[in-house]
Every structure is written in structure tokens, then in C-alpha cells.
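# Geometric and topological summary
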Amino acid sequence: MELCVALDLPSEAENLALAESLKNYNIWMKVGFRAYIRDGKSFIEALKAINPDFKIFLDLKLYDIPHTMADAAEEITKLGIDMFNIHASAGSVAMKTVMERLDSYKNRPLVLAVTALTSFDEAGFQRVYEKSINEKAEQFAKMSYENGLDGVVCSTFESRAIKNATSKQFLTLCPGIRPFGEDAGDQQRVATLELAAKEGVDYPVVGRPIYKDAAPQAKVEKILKVISTF
Ligand code: C5P
């Protein structure tokens, strides 16, 4: 299990200060819409300058026609990041087109597909997808696996079933982690680290419980210590 910290602070300076305070840890940094739209490529370079071994997950959730997605995926790959994601609902042709385009890159980033956003509750999800979260997440995961993706973004509660339906090696990255039962905020399906470990989660994503903590570095240290016991 590898910790992924969401850099969702209001300014680049605050995100970089958080990264600086965490530079001695072997962790993933999640760069999402807010940071990437505002601070772009130079933000990624600044993170790498703080610690060249930080792994970077660019969470832009691509969703468009296949060709446009593949173009974007190629540009993302050229940024030198380590993982990015697309929406599974873009479909299997989009998945295949993206993976084929990245085929020629030796060190291509890991590619994950978003199944069900962790902010959905069951009723809200069904209004959009007309299926239960479990059923749809598993279906999306199978489609992603069959089209050569490396894993999916899902909630902890679907991780086990997804691995059973695909492969143990098929990666699950799970937001909505409240390491020690902290406030859920707008997340509907939250899980502790212990539960995430039990469900085989590969990458727990933690945002607010770290950056809203009075002592983020100590919090990360505590999380890593717990992870090392699993
Ligand atoms: O603050 P919190 O720990 O809830 O942050 C979770 C992070 O994971 C946020 O950056 C959010 O955008 C992202 N995310 C999510 N659900 C998904 C995909 C990404 O919460 N399905």
C-alpha cells in the first residue's frame, strides 16, 4: 500500500509548502484540477525539484472522444508524471485508443479509470447510471482491465470485488480515506486505513485529513507507520 497525498490547497505556495514539509517521505502526490489548472506544468517541475522521487498522480479524469483523449494522454505522458486517469464511462474504444497511443512510450505512466466518484451516494449514483454502484463499478473495472489499463479509481468498498473480478494485480486507488475516522466532508463512502488494507487497496488517497490537520507532517508519519504494519 502506498500513500497518495492530495494537494488541494488554495494556492501554489501552500501546496509547495506542504510538499516541502513531506519531502523526506516516499509518497505519491496527487495533483488535481485546482492545482493543475492554476499552476500547470511548472508546478509539477517544482514538486520534482523538492524531491525527484516524489511520484506524481495527475488527477484530471479525462473524458472526451477517443482521439482527443489519446492526444491529451500523450501530452500528459510527456510531462513525465507517474500516473493519470480517465473516466471509465468514456468507453472501451477510448480506453483502447489511449493505451495504443501510449504503447510506444517505454516508461509510460500508469493509467487508471474512474468508476464511481466517491462523493456519490447510492441514490445519486443510480439517478445517473441506472445501476447500483457495486454493479457498475465492477462492470467498469472489467472493461478497464480488458482494455489494458493498469487499474481503477473506486471506493474502498468496491476494491475487493473489483480485484476478484479482474486480477489481484489490477490496481485500486481509493479516495475517501479517513485514516483514523476523521470528518467525512463531502465524501459519502469513507473508510479508515485499516479497512482499506483489509480490502486490498493499493493507493489510499488522503487530502483534508492531512492538509487540514494542525501538524500535517506528523499525520503523514503516523499514517506511514500504520501502513508499514499491514
Ligand atoms: O480531502 P479528501 O481526502 O476527501 O480528498 C480526496 C481527493 O480525491 C480529492 O482531491 C478529490 O478530488 C479526489 N477524488 C475523489 N473521488 C474520486 C476521484 C478523486 O474524491 N472518485
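For the structure, check the block above.
Residues numbered from 1 in each chain as written. Predicted model: local features only at pLDDT ≥ 70, side-chain atom pairs only at ≥ 80, totals over all residues. Heavy atoms only, no water.

## Some thoughts on the environment of Glu182
Looking at the element boundaries, Glu182 is found in the loop between β7 (171-174) and α8 (193-198). When residues no more than four places from it in sequence are discounted, the contact partners of Glu182 are Pro209 and Lys219. Of the polar contacts made by the side chain of Glu182, one reaches the side chain of Lys219; its length is 2.6 Å. (Helix = DSSP H or I, 4+ residues; strand = E, 2+ residues; numbered from the N terminus. Contact = heavy atoms within 4.5 Å. Polar contact = N/O pair within 3.5 Å; in protein donor to acceptor, adjacent residues only side chain to side chain.)

## Some details on the sheet that holds strand β6 (residues 151-153)
Taking strand neighbours around the barrel as the criterion, the eight strands line up as β1-β2-β3-β4-β5-β6-β7-β8 in a closed arrangement whose pairing is parallel. Here the average twist between neighbouring strands, direction ignored, is 25°. Pairing between strand β4 (residues 83-87) and strand β5 (residues 110-114): five bridges, direction parallel. Its bridge partner being in β5, His87 is matched across the sheet by Val114. Here helix α7 (residues 156-165) sits on the sheet and contacts β6 and β7; the angle it forms with β7, its principal contact strand, is near 175°. (Pairing = 2+ DSSP bridges. Axes fitted to C-alpha atoms, helices over the stretch in contact; angles between N-to-C directions.)

## Here's the deal with the site of the ligand
Around the ligand sit 16 residues in total, of which Asp8, Lys30, Thr118, Gln187 and Arg208 are the nearest. Separating an oxygen atom of the ligand from a backbone N or O atom of Gly207 is a distance of 2.8 Å. Here the ligand loses 88% of its free accessible area of 470 Å² to cover by the protein chains. Of all elements in the fold, only β3 (55-62), β8 (203-206) and α9 (208-211) reach the threshold of two or more residues within the shell around the ligand. Among the residues making up the shell around the ligand, the classes are represented as seven nonpolar, three polar and six charged. (Near = heavy atom within 4 Å. Areas by Shrake-Rupley, 256 points an atom, 1.4 Å probe, with all protein chains shown as cover. Nonpolar A, V, L, I, M, F, W, Y, C, P; charged D, E, K, R; others polar.)

## Observations regarding the packing of helix α3 (residues 66-78) against helix α4 (residues 92-102)
Their axes nearest at 8 Å, the elements α3 and α4 cross at an angle of 35°. You can see that α3 and α4 cross each other, and the crossing is right-handed. Residues Pro66, His67, Met69, Ala70, Asp71, Ala73, Glu74 and Thr77 of α3 touch α4, and the partners they reach there are Val93, Ala94, Thr97, Val98, Arg101 and Leu102. (Left-handed = near helix turned anticlockwise from the far one by under 90°.)

## A look at the pairing of β5
The buried fraction of β5 is high, at four of five residues. Note that the unit made of β4, α4 and β5 has a crossover that is right-handed. As paired strands, β5 and β6 are joined by three bridges and run parallel to one another. Within the sheet, the bridge partner assigned to Ala113 lies in β6 and is Val152. (Buried < 20%, exposed > 50% of the residue type's maximum accessible area, 1.4 Å probe, protein only. Right-handed = clockwise from strand over helix to strand, strands pointing away.)

## A short note on the pairing of β7
Side chains Leu171 and Leu173 project from β7 onto one buried face, and the interleaved Thr172 and Cys174 project onto a second face that is buried too. Pairing of β6 with β7, which is carried by three bridges, proceeds in the parallel orientation. Bridge pairing links Gly151 to Leu171 in β7. Sheet analysis places β7 next to β8, joined by two bridges and oriented parallel. Along β8, the bridge assignment pairs Leu173 with Tyr203.

Everything listed is a geometric property; what it means functionally is a separate question.
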